[in-house]
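Structural description and commentary
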2 protein chains.
Amino acid sequence: MSRRTETRERVLRATVDTLATQGYATTTARAIATTGGFAPGVIYYHFEDLEDLLLAALRYTSDNRMERYSIRTANALAAGDLLAALHELYAEDVATGHIAAVQELVAGAVGSTRLSDGVRAEVRRWEDFTETLLVRLLDGTPLAGLVPSRAAAMAAMAFYLGLEMLTHLDGNRSRAETLFSAAGPMAALLDALAPRGDT
Amino acid sequence: MSRRTETRERVLRATVDTLATQGYATTTARAIATTGGFAPGVIYYHFEDLEDLLLAALRYTSDNRMERYSIRTANALAAGDLLAALHELYAEDVATGHIAAVQELVAGAVGSTRLSDGVRAEVRRWEDFTETLLVRLLDGTPLAGLVPSRAAAMAAMAFYLGLEMLTHLDGNRSRAETLFSAAGPMAALLDALAPRGDT
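Structural notes, computed from the coordinates. In this convention, every chain numbers its residues from 1, walking through the sequence in written order. Throughout, the order in which chains and ligands are written sets their labels, letters from A for the former and numbers from 1 for the latter. Local features in this predicted model are restricted to residues whose pLDDT is 70 or higher, and side-chain atom pairs enter the listing and the counts only when it is 80 or higher, whereas totals over whole chains, interfaces and linings include all residues. To obtain the side-chain values, all non-hydrogen atoms of the structure were included, while hydrogens and water were left out.

Before going further, it helps to spend a moment on the overall build of chain A. Here a strand is any run of E in DSSP of at least two residues, a helix any run of H or I of at least four, and the numbering for each starts at the N terminus. The secondary structure content of chain A amounts to 9 helices and 0 strands. Counted from the first residue to the last, chain A has its helices and strands arranged as α-α-α-α-α-α-α-α-α. With respect to the three principal axes, the spread of C-alpha positions in chain A is 60 × 40 × 30 Å. When a residue's accessible area, from a 1.4 Å probe over protein chains only, is under 20% of the maximum for its type it is buried; when over 50% it is exposed; and in between it is partly exposed. Per-residue burial over chain A gives 48% buried out of 199 residues. Sequence separation of 24 or more characterises 69% of the internal contacts of chain A that already satisfy a separation of 6 or more. Here, Shrake-Rupley sampling with a 1.4 Å probe gives the accessible areas, and only protein chains in the shown set may cover a residue. Here chain A displays about 9,100 Å² of accessible surface, and carbon together with sulfur accounts for 58% of that area. The convention is simple: Lys and Arg are positive, Asp and Glu are negative, and His and the chain ends are not counted. Charge placement uses NZ in Lys and CZ in Arg. For Asp and Glu, CG and CD serve respectively. Of note, chain A has its 19 positive side-chain charges centred 4 Å away from the centre of its 25 negative side-chain charges. By definition in these notes, contact holds between two residues if any of their heavy atoms fall within 4.5 Å.

See below:
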């Protein structure tokens, strides 16, 4: 990685961290520079303005997570395996600040057309990915063709963002853990309805 | 209604409207007074402080909507009828500013223990209500006993709040309409699995 790319990535990482820990309204160029331990000028060397940086940071964390989700779910064909993979990926979304940063951007983007266009494009990308997973999961089960996959993927995105909001409100992650536990028997049931070679 | 109760309700209504249209951060006593067309002093005659008012406004809109949800869903026993009732109630949640105000309070309450305690209590109340509806809906179907009703109610709350966030981002209600349409055939399927006397 070149020095220039390295610095750029450091700025992107600091932006995600600042969004995740301080929230959208407080994520100024100065706050990002403080988080990353560099001069604010570094930001404007790499990015046009703050919105440009916020969009690049969203794309950066989204690309990283999408790659990781793709790899980790590639062989999780059974519902039980997929649930275990998603639980692990969710824990990573939390640990990397991804989910908190994205939720802040979704909420904060409302005032700006450029920002909200960019955020909507990312939401669509994740809906596409979720839909693909869901179609693969239900293939061969009695639910294939019954569950409207695009709508279900849209509902899943809303659920994921709302869960993060409620988790902030709770001040702990117990809500997500309760839901992952409750989903276990349902995943087992789905696997029982369509046993696959790999289960 | 006494003059005093009338004024109190006017302040509560103005608070819900201000939260819904201007967002949490901008909902000051002055902004609420401007919305309602009264002097800011009126607020402090009826409420201890802004947090006290915000909590009372949450309880006010929540009580109103809970009463309406209870009445409207009381006889909607079949899934198709319940879906139609929920679609209508959701449109009212939008029109009254309820859903927008609640979403603002859930997001904004994070910084204050008193506020977040109050918001969490309301979230629990709605989860209780949703769980009751869900248990009644699935009773007699093959899904009764399979779907963990508490967890499903918690997931539904997260979905409801996340949907509002994404609707803000979209700038229109098309996302909710898509989901209500997609749910139609699934409700019909559920009714086919357990035909009830009233369908």
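Structure's up, so let's keep going.
The least-squares superposition of copies is restricted to C-alpha atoms, and to residues with a pLDDT of at least 70 in both copies. Rotating chain A by 180° and translating it 0.0 Å along the rotation axis places it on chain B, where the RMSD comes to 0.0 Å. The superposition of one copy onto the other is thereby described by a two-fold rotation axis.

The next subject is the interface of chain A and chain B. Contacts between the two partners involve 33 residues from chain A and, on the opposite side, 33 residues from chain B. Around 2,700 Å² of area is buried between chain A and chain B when both sides are counted, 82% of it from carbon and sulfur atoms. Of all residues in chain A, Met154(A), Met165(A) and Leu169(A) bury the most surface against chain B, accounting for 24% of the area lost on that side. For this analysis, a salt bridge means a side-chain nitrogen from Lys or Arg found within 4 Å of a carboxyl oxygen belonging to Asp or Glu. Linking chain A with chain B are 2 salt bridges. Its salt-bridge partner being Glu127(B), residue Arg175(A) comes within 2.6 Å of it at the nearest N-O pair. Identification of polar contacts relies on pairs of N or O atoms within 3.5 Å, with a donor-acceptor requirement for protein atoms, meaning one able to donate a hydrogen and the other able to accept it, and with residues adjacent in sequence counted only if both atoms are side-chain atoms. Taken together, the links from chain A to chain B amount to 4 residue pairs in polar contact (both at pLDDT 80 or more). For the side of chain A that touches chain B, the leading source of residues is helix 8 (residues 149–170) of chain A, giving 14 residues. Looking at the side of chain A that touches chain B, its residues break down into 24 nonpolar, 5 polar and 4 charged. Buried area, as used here, totals the accessible surface that two parts lose on assembly, with accessibility defined by a 1.4 Å probe and the loss added over both. Classification used: nonpolar for Ala, Val, Leu, Ile, Met, Phe, Trp, Tyr, Cys and Pro, charged for Asp, Glu, Lys and Arg, polar for all others including Gly.

We now examine the packing of helix 6 (residues 98–108) of chain A against helix 8 of chain A. All names here are of chain A. In contact at an axis separation of 10 Å, helix 6 and helix 8 are set at 100° when each is read in the N-to-C sense. Between helix 6 and helix 8, the crossing angle belongs to the class labelled roughly perpendicular. Of the residues in helix 8, those in contact with His98, Ile99, Ala100, Val102, Gln103, Glu104 and Val106 of helix 6 are Tyr160, Leu161, Glu164, Met165 and His168. Here the contact of helix 6 with helix 8 is built from residues that sort into 7 nonpolar, 3 polar and 2 charged. Here, axes are lines fitted to C-alpha atoms. For helices the fit covers the stretch in contact, and angles between N-to-C directions go from 0 to 180 degrees. Comment on the angle field: the value is read as roughly parallel under 35 degrees, roughly antiparallel over 145, roughly perpendicular from 65 to 115, and oblique elsewhere.

Once that is clear, we can look at the side chain of Thr15(A). Residues and elements named next belong to chain A. For threonine 15, the position within the fold is in helix 1 (residues 3–22). For threonine 15, a relative accessible area of 0% puts it in the buried group. Discounting residues that sit within four places of it in the chain, threonine 15 has contacts with Thr27, Ile32, Leu53, Leu54 and Ala57.

A cluster of nonpolar side chains, Leu143(A), Leu146(A), Leu189(B) and Leu193(B), forms an exposed patch at the surface whose accessible area comes to about 300 Å². Looking at where Leu193(B) falls in the secondary structure, it is placed in helix 9 (residues 174–193). Each patch groups residues whose relative accessible area exceeds 30% and which form no salt bridge, using 9 Å between like charges and 5 Å between nonpolar side chains of Val, Leu, Ile, Met, Phe, Trp and Tyr.

Looking at the secondary structure, you find Thr167(A) in helix 8. Not counting residues within four places of it along the chain, the set of residues in contact with Thr167(A) comprises Tyr90(A), Asn172(A) and Arg173(A).

Nonpolar side chains tend to gather and get buried jointly when the protein is soluble and globular. Nonpolar cores are built from buried Ala, Val, Leu, Ile, Met, Phe, Trp, Tyr and Cys residues. Side-chain atoms within 4.5 Å join them into one set. Counting residues in hydrophobic clusters, the biggest one holds 114 residues, and the most contacted among them are Val106(A), Val119(A), Leu166(A), Val106(B), Val119(B) and Leu166(B). When near neighbours in sequence (up to four residues on either side) are disregarded, Leu166(B) contacts Val106(A), Val123(A), Met157(A), Ala158(A), Leu161(A) and Arg175(B).

Once that is clear, we can look at helix 7 (residues 113–138) of chain B. Residue and element names in this part refer to chain B. End to end, helix 7 covers 37 Å across 26 residues, agreeing with the expected 38 Å (1.5 Å per residue, within 8%). Looking at helix 7, one finds that the buried residues are Leu115, Ser116, Val119, Glu122, Val123, Trp126, Glu127, Phe129, Leu133, Leu137 and Leu138. At the exit of helix 7 stands glycine 140, carrying a positive phi of roughly 90°. One less than the number of residues in a helix, times 1.5 Å, gives the span that helix is expected to have.

On to the pattern of salt bridges. Residues and elements named next belong to chain B. If you walk through the whole model with that rule in mind, you get 40 salt bridges over all chains. With a shortest N-O distance of 2.7 Å, aspartate 63 and arginine 125 are connected by a salt bridge. Of this pair, aspartate 63 sits in helix 4 (residues 50–73) while arginine 125 sits in helix 7, and the two are 62 residues apart along the sequence. When its relative accessible area of 34% is taken as the criterion, aspartate 63 is described as partly exposed. With a relative accessible area of 23%, arginine 125 lands in the partly exposed category. For glutamate 88, the salt bridge identified is with arginine 72, shortest N-O distance 2.9 Å. Of the two residues, glutamate 88 sits in helix 5 (residues 79–95) while arginine 72 sits in helix 4, which places them 16 residues apart along the sequence.

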